[in-house]
Amino acid sequence: MTSIFRSRYLRIRHLLVGTFLVLVPMPARGEAPLGFETHVRPILKAHCFQCHGEEPKPKGGLDLRLVRAMVKGGISGEALVPARRDESLLWDRIEAGEMPPGEKKLSASEKATIAAWIDQGAKTLRTEPAKLPPGPVFTEEERTFWSFQPIRRPAEPKVRHISLVRKPVDAFLLAKLEEKGLAFSPEADRRTLIRRASFDLLGLPPTPEEVDAFVNDVRPDAYERLIDRLLESPHYGERWARHWLDVAGYADSDGDPTSDALRPYSYRYRDYLVRSLNADRPWDELVREQLAGDELLKPPYQDLSPADRDRLIATGFLRMAPDTTAAPAGEVVQARDDAIAETIKVVSTSLLGLTVGCAQCHSHRYDPISQEDYYRFRALFEPALDPANWRVPAARLVSLWSAAERQRAAEVDAEVAKIFEERQKKLGDLVAKVLERELAAAPAELRDKLRAARDTPEAKRDAGQKDLLKTYPRVLVSLGNVSLYDPVASQAIVAEADKKTADARAKRPADDYVHALTEVSGQVPVTHLLFRGNPTQPKQAVGPGELSLLASLTGATPIAADDPAVPTTGRRLAYARYLTGGKHPLLPRVLVNRVWMHHFGRGIVATPADFGALGERPTHPELLDWLADEFVRDGWSLKRLHRLVMNSTAYRQSSRRDPKLDAIDPDNRLLGRMPVRRLEAEALRDALLAASGRLNRTMYGPALPVAMDEAGQVLVGVDTRDAAGRQQGRPGSLGGAENRRSLYVQVRRTLPLSFMETFDAPTLTPNCERRASSTVAPQALSLMNNEFVIEQSEALAERVAAAAGADPGARARLAWRLALGSEPSAERILAAARFLVEQRAEFAAQAPKPPADPDRSALATFCQVLYGSNAFLYVD
């Protein structure tokens, strides 16, 4: 478009749209005008930079990364005329909906921002360089973004209500509350506190005996002793392992939508976490082991000590993402690329709190992460996830056999091979015997010719031999068909060999593998940036390293492509040591934020996997930094962090709502009261089992299988489908193991447990960054109709009847205490007893046939009412 034509076009267009008024917000008096770097550049980066700035040759010759470049324009002339929006081609294309092209357009507010910025003179905050090199360039605003800054320990703020400060965290929270004329709520009663702490640390309700002991403990440090006791419980590791398994994307299957092959040894990673958390192992160690445990060892990973086994098992963290590369159908190259990409998402969201995966096809639209950064980060993992020399999941298993077990297995294998040889010899003898019998049945003059024809390889037989064998086909006896000639003798020879083989294999050690990530010695792949993320279009090679902005801010040492000091490439180990070295701005913040989220229902940063531009800003940034610094100073101890948080006044306050607090802080972001939280799916199922007395507390081991019943519900149990794949009623019993904690139930991406799915079990795509907590009708229906809930209601009724006798009031009180952990008032006991009497009468009068025990049926109904109550489902 020439300049003359463009001016004419703009004037004509102005005449056509002049009757329409564009309302653009102008800055108020004293308010700074909009700046390109802070207001407009982020919009253009998200929508336009890929075509106009990041590629070596900007589309239309127009680079939108600098205002001076926009004023200069491209092949169509100047794109921006400051303070003259109607003459700016940039605005013209935006307003017409032509830019950006495609379906995704600018929002009304984004358009208004750009319009106002142009009207105000298209100002920049600082002098721009003459030009920029191709590719991403990070601005001062991006470099100074809050989450990329070093963690600095702030001073504890001064507060007026000093008596409310038990721990430093109280001072940070209270300071914000006092700014609004607020303070903490009163302390919760002891029954509420023990139930809250028990679910938080164990994921299980306290027993009535535990509640009574705490309520009656007159020692001044009774609460602190309670927290210490809970932290020493072996069930603590189970509860907090489940939290990390969410972000690790833990699954017991590969995730292929058709076959979804099982991962029979992935449970070892789950058990590793439980053991490590119970032992309060420092989290810097756990991070190093999960990223590079194999690189802390020397291949071939044999005869490992228990500690070294755990280091190898820990790398299962990097094998939790979906991996469909062994599926019988599908595009192999893309499947490999997807497996790597999903692993990158798991690592970056869980440890960095950044959506690095968004830079796979192009530079990140919102955060300072270039596409080259993505592949630099990916190069850390490609020696173990080498797309050119790919290993399917089964090929990545590492045996944990000791030397003695390996020797015994070799002996058994040799014995089995010998048995097979003997079997083949006996069958060969039988073939020879049968052959002589069949030859004897042929004319004498043809026997030698038949023998020769039979012994001649099929491809070398002449026409005469072929004709002869067609006439006498029975001489073609072989090892494969001799059973058709002499079934009795041949069966006696499979049977004898099978028995010997089974006896021999019984002496072989059981398979013992670990689902690990390892490198292949000597293989050092070259990572390439992929054009638009396409694995079939590699571009320039990139080396391993940290995201470039973080590397520059932290002074990261370059990571060697192949460290000669270790038997592997050492890339992941070098990165893990850098990440846990105490200077990284993200890892400690991300970890303590997750702990805070699980205690208060919401993180200080409400988007725990996104500390970037699209994530929410911290409600208490100074508190977050103080916690992160304290966590590192305190040896990366999770249990010490629990004590710090749970012994605070903030954690111990009541959840009761207050009109003044609600009016000022309706979302409770300032934490002027304790948030009410619904039990997660696993805690709900475990609580049902615990209250009923059916909970099996056995720890560790392979996952409990799940299967679908004939109604399509996924339950815990053995698959009972027949050979044709038809459901045969309910899944088979596991002999009581089905009542173990939900942590041990098999996690299959294609077959989630139906009851837990209803209550927002984690969706692993590829991991679960934050649980949803919905309130929907199917949940109420499940609590009324689900067979598992009904079974636990009946079990609770049986438990209550055995312990409380026949008195309705005593039964109601005990059921209440077992299910809800609280003491019912006299009025509630009276009402509950009346309900039991009335329900019994209704059951007894049922036609045509009342239940065998109307008393028990009435009590089971009451127990199910308790299970469906908010007091059971929610923690105050």
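Just so you know, these numbers come straight off a predicted model, no measurement behind them.

### Thoughts on the overall build of the chain
Thought 1: Of regular secondary structure, the chain possesses 36 helices and 8 strands.
Thought 2: In terms of overall dimensions, the chain has a C-alpha envelope of 120 × 90 × 60 Å along the principal axes.
Thought 3: Going through the 876 residues of the chain one by one, you find that 50% of them count as buried.
Thought 4: For the chain, the proportion of contacts with a sequence separation of at least 24, taken over those separated by at least 6, is 70%.
Thought 5: Total accessible area on the chain stands at roughly 40,100 Å², and carbon and sulfur atoms take up 54% of it.
Thought 6: Averaging the coordinates of the 121 positive side-chain charges in the chain and doing the same for the 118 negative ones gives two points 2 Å apart.

### Quick word on the pattern of salt bridges
Thought 1: What the rule picks out here adds up to 71 salt bridges.
Thought 2: Between D629 and R153 there is a salt bridge; the shortest N-O distance is 2.6 Å. In this pair, D629 is assigned in helix α25 (residues 621–633) and R153 in the loop between α6 (140–143) and α7 (168–179), connecting sequence segments 476 residues apart.
Thought 3: For D629, a relative accessible area of 15% corresponds to the buried category.
Thought 4: Taking the relative accessible area as the measure of exposure, R153 reaches 32% and is therefore partly exposed.

### Brief notes about the confidence of the model for the chain
Thought 1: Taken residue by residue, the chain gives an average pLDDT of 93. The fraction at 70 or more is 96%.
Thought 2: Below a pLDDT of 50 lies the segment residues 1–24, which in the model reaches 23 contacts outside its immediate sequence neighbourhood of four places, other chains included.

### Comments concerning the side chain of S147
Thought 1: Relative to the helices and strands, S147 is located in the loop between α6 and α7.
Thought 2: Accessibility expressed as a relative area gives 0% for S147, which makes it buried.
Thought 3: A polar contact is formed between the side chain of S147 and the backbone oxygen of F611, at a distance of 2.8 Å.
Thought 4: Residues within four places of S147 in sequence aside, it is in contact with P585, L586, R589 and F611.

### Section: helix α8 (residues 190–202)
Thought 1: Its 13 residues place the ends of α8 17 Å apart at the C-alpha level, agreeing with the 18 Å of an ideal helix rising 1.5 Å per residue.
Thought 2: Within α8, 11 of the 13 residues are buried, which leaves it mostly tucked inside the rest of the structure.
Thought 3: Of the residues making up α8, those classed as buried are T192, L193, I194, R195, R196, A197, S198, F199, D200, L201 and L202.
Thought 4: Following α8 by one or two positions, G203 adopts a phi angle in the positive range, close to 70 degrees.

### Digging into the packing of helix α2 (residues 36–47) against helix α5 (residues 108–119)
Thought 1: The contact between α2 and α5 brings their axes to 10 Å, and the two run at 130 degrees. Judged by the inter-axis angle, α2 sits oblique to α5. The hand of the α2/α5 crossing is left-handed. Here F36, H39, V40, I43, L44 and H47 of α2 lie close against α5, whose contacting residues are E110, T113, I114 and W117.
Thought 2: Classifying every residue of the contact of α2 with α5 by side-chain character gives 6 nonpolar, 3 polar and 1 charged.

### So, the environment of A683
Thought 1: For A683, the location among the structural elements is in helix α29 (residues 681–692).
Thought 2: Along the chain, A683 and S637 lie 46 residues apart, while their C-alpha atoms are 24 Å from each other.
Thought 3: A683 has contacts with F199, G203 and R239, leaving out every residue within four places of it along the chain.

### Let's talk about the packing of aromatic side chains
Thought 1: Per the stated rule, a full pass over the model turns up 20 aromatic pairs.
Thought 2: Look at W244 and F317: their rings are 6.2 Å apart centre to centre, the planes differ by 20 degrees, and that puts the pair in the stacked class. Remark: F317 occurs in the loop between α14 (306–314) and α15 (332–352) and W244 occurs in helix α11 (residues 234–248); sequence separation between them is 73 residues.
Thought 3: Here F317 falls in the buried class, since its relative accessible area comes to 2%.
Thought 4: Cluster of aromatic residues (ring-pair linked, three or more members): F145, W146, F148 and F611.
Thought 5: In this structure, R396 packs its charged tip against the face of W390, placed 4.9 Å from the ring centre.
Thought 6: The ring of Y744 is capped by R740, whose NZ or CZ atom sits 4.3 Å from the centre of that ring.

### Thoughts on helix α24 (residues 587–600)
Thought 1: The end-to-end C-alpha distance of α24 is 20 Å, a good match for the 20 Å that 14 residues give at a rise of 1.5 Å each.
Thought 2: For α24, a buried count of 14 out of 14 residues is recorded, marking the element as mostly surrounded by other parts of the structure.
Thought 3: Two residues or fewer past α24, G601 is found with a positive phi of approximately 85 degrees.

### Section: the packing of helix α17 (residues 403–440) against helix α18 (residues 444–455)
Thought 1: Running from N to C, α17 and α18 point in directions that differ by 140 degrees, and their axes come no closer than 10 Å. Looking at the two axes, α17 sits oblique to α18. Note on packing geometry: the crossing formed by α17 with α18 is right-handed. Contacts between α17 and α18 involve V431, L435, E436, L439 and A440 from the former and R447, L450, R451 and R454 from the latter.

### Side note on the environment of G868
Thought 1: Topologically, G868 is positioned in the loop between α35 (854–867) and α36 (870–873).
Thought 2: Along the backbone, G868 and Q302 are 566 residues apart, and their C-alpha atoms lie at a distance of 52 Å.
Thought 3: Residue contacts for G868: discarding those within four places in its chain leaves L783 and L873.

### Focus: unusual backbone geometry
Thought 1: Across the junction of T765 and P766, the peptide omega takes the value -5 degrees, indicating a cis bond.
Thought 2: Between A847 and the following residue, P848, the backbone shows a cis peptide bond with an omega angle of 5 degrees.
Thought 3: At N668, a position not held by glycine, the phi torsion is positive, near 60 degrees.
Thought 4: Mapped onto the fold, N668 is located in the loop between α28 (659–664) and β5 (677–678).

### Focus: the environment of N593
Thought 1: Assignment of secondary structure puts N593 in helix α24.
Thought 2: In sequence terms N593 and Y250 are 343 residues apart; their C-alpha atoms lie 21 Å from each other.
Thought 3: Setting aside its immediate chain neighbours within four residues, N593 contacts G603, I604, V605, P608, F611 and L624.
Thought 4: A polar contact of 2.9 Å, which involves the side chain of N593, links it to the backbone nitrogen of I604.

### With respect to the state of the cysteines
Thought 1: A full pass over the atoms with the stated rule returns 0 disulfides.
Thought 2: With no disulfide of its own, C48 lies closest to C51 among cysteine sulfurs, the gap being 8.4 Å.
Thought 3: Classification of C48 by relative accessible area gives buried; the value is 7%.
Thought 4: For the unlinked cysteine C361, the closest cysteine sulfur is that of C358, found at 9.7 Å.

Each value, and the rule that gives it
Residues numbered from 1 in each chain as written. Predicted model: local features only at pLDDT ≥ 70, side-chain atom pairs only at ≥ 80, totals over all residues. Heavy atoms only, no water. Helix = DSSP H or I, 4+ residues; strand = E, 2+ residues; numbered from the N terminus. Buried < 20%, exposed > 50% of the residue type's maximum accessible area, 1.4 Å probe, protein only. Contact = heavy atoms within 4.5 Å. Areas by Shrake-Rupley, 256 points an atom, 1.4 Å probe, with all protein chains shown as cover. Lys, Arg positive; Asp, Glu negative; His and termini not counted. Charge placed at Lys NZ, Arg CZ, Asp CG, Glu CD. Salt bridge = Lys/Arg side-chain N within 4 Å of Asp/Glu carboxyl O. pLDDT = per-residue confidence, 0-100. Polar contact = N/O pair within 3.5 Å; in protein donor to acceptor, adjacent residues only side chain to side chain. Expected span 1.5 Å × (residues − 1). Axes fitted to C-alpha atoms, helices over the stretch in contact; angles between N-to-C directions. Parallel < 35°, antiparallel > 145°, perpendicular 65-115°, else oblique. Left-handed = near helix turned anticlockwise from the far one by under 90°. Nonpolar A, V, L, I, M, F, W, Y, C, P; charged D, E, K, R; others polar. Phe/Tyr/Trp six-rings, centres within 6.5 Å; stacked < 30°, edge-to-face > 60°. Lys NZ or Arg CZ within 6 Å of the ring centre and 35° of its normal. Disulfide = S-S within 2.5 Å.

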